[in-house]
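One-letter residues, chain by chain:
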Amino acid sequence: MRPMDERSFDDLKDAYVLGALSDEERAAVEAYLAVNPERQAEVDDLSGVASLLALAPPEHDPPADLRRRVMQVVESESARPRAARRSTSSWFGWLGGLRNVALGAAALLVVGLLSWNVLLQEDVRDLRGQVEEARTANEAQETREIELGGTWAEQGARAEVTALKDDRAILVVEDMPSMPEDRTGQVWVIRDENPEPSGLLEPSGNMAATAITTPLEDADAIAVTIEPAGGSEEPTSDPVLVQEL
Amino acid sequence: MGKNRQYAILADEDLMSLMEGGDAEAFAALYDRHSRAAYSLCYRMMGDRQAAEDLTQDAFLKVWRSAGGYRSERGSVRTWILSIAHNRGIDQLRSMASRRRTQDRVEQSAPRSQPSEAFAETWRNRQREQIREALDTLPPEQLKILELAYFSGYTHVEISSLLDLPLGTVKGRMRLALKKIRSYFDQENVAVPR
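Conventions adopted
- Residues numbered from 1 in each chain as written.
- Chains lettered and ligands numbered in written order.
- Predicted model: local features only at pLDDT ≥ 70, side-chain atom pairs only at ≥ 80, totals over all residues.
- Heavy atoms only, no water.
- Salt bridge = Lys/Arg side-chain N within 4 Å of Asp/Glu carboxyl O.
- Helix = DSSP H or I, 4+ residues; strand = E, 2+ residues; numbered from the N terminus.
- Buried < 20%, exposed > 50% of the residue type's maximum accessible area, 1.4 Å probe, protein only.

Looking at an unreviewed UniProt entry, chain B carries the name RNA polymerase sigma factor, with the source organism given as uncultured Rubrobacteraceae bacterium.

(A) Broad picture of the pattern of salt bridges. All names here are of chain A. Per the stated rule, a full pass over the model turns up 26 salt bridges over all chains. Here Asp23 ties to Arg26 by a salt bridge, and the two come within 3.3 Å at their closest N and O atoms. Of this pair, Asp23 and Arg26 are both found in helix α2 (residues 23-35), 3 residues apart, which corresponds to roughly one turn of the helix. Ionic pairing is found between Arg69 and Asp65, a salt bridge with its closest N-O pair at 2.6 Å. Here Asp65 and Arg69 lie together in helix α4 (residues 64-78), a separation of 4 residues that amounts to about one turn. With a relative accessible area of 24%, Arg69 lands in the partly exposed category. Given the relative accessible area of 32%, Asp65 is considered partly exposed. In this structure, a network of salt bridges that share partners links the residues Glu6, Asp10, Lys13, Arg39 and Glu42.

(B) Geometry of unusual backbone geometry. Although it is not a glycine, Asp175 of chain A adopts a positive phi angle of roughly 55 degrees. The residue Asp164 of chain B is not glycine, and still its phi comes out positive at about 55 degrees. With respect to the helices, strands and loops of the structure, Asp164 of chain B is situated in the loop between α9 (156-163) and α10 (167-187).

Take a look at the structure:
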């Protein structure tokens, strides 16, 4: 994807706030905003105008049964303990210090990662099955669920690590924001301030699942950063998802 | 005062804080407050009752699960909820194997206020009226493009092809339409509702 210039941004911003861009164009606008945050207020202002359209349709009352169905799900989920949400700012600052770490032998890793990914995908399928089985058998108390916060969560993504009792864990991200084609989400398990590469997110639509390849026992935190395709040896950006363990 | 009554007088932002902590009753209060607007939007986008119900359910569950993602500086809770419904609706419209968005929807008329609803009692309904009035000031060709984009989920390129218009014209009409809606509120000396 080619980086967007100011002229293209100005050309597309109205269609952007109306939701009238292709996924690729939308990602380009969002990438532009990420590096030109001074334009965000302008987009927020335009979005405010566009969002008024949501109130224009003739009104209809939703059926009462719909409320019952929605509340049934919500009440069942509220009964489960939620992982405590906490401020991620300390992690941003802490991990920010790692930004300048050189990519080192990333190129050498690519070959290994390609073959490793095949195994990883099999692991993901296997682990997903295990997670489902555990849930079906009401064995939730024997697994640990960890909800991740961070900028992706603020954008509406839902990310949860399910740690299985045999020290394996899987990360599932739903509604993840789109990423440029040459970038990938990389999982890090952080122990004594050392982030260990622990999996790559391979999105399927707006969802991704990956096995976490580093044990979580005694780890301090888990995080996801956006890295060049194929992953990095060390994080090169601030986390988009993070949770202290 | 009973808990339900307490929730009824809490501001949306306070309910969001409670919801973030897993409070289902706070969610229920928000649902009761905003489900009509959300369902109406979903119905307008999807065009039939069942699909509108499914989309509304999907959107509210997303609201429940993403309560921590709300940022008050970006707009009101209502705007946030409706934007979730809108974004999910666009995703669904675009992923339909066989799009129901046919040419006859291009000819569909602009949303109009219903006489029985005019100048309704609540402030929310007054806002709705203002928005509809603002839309009434748009030339039909601009309104049509807004509708195709916002309610039917077409991209600007698709609209250009559908209406056989140059892409620049489509973009220009989008820009002018949004500008004109803002001008309406400026002229009325009313802030754009958030």
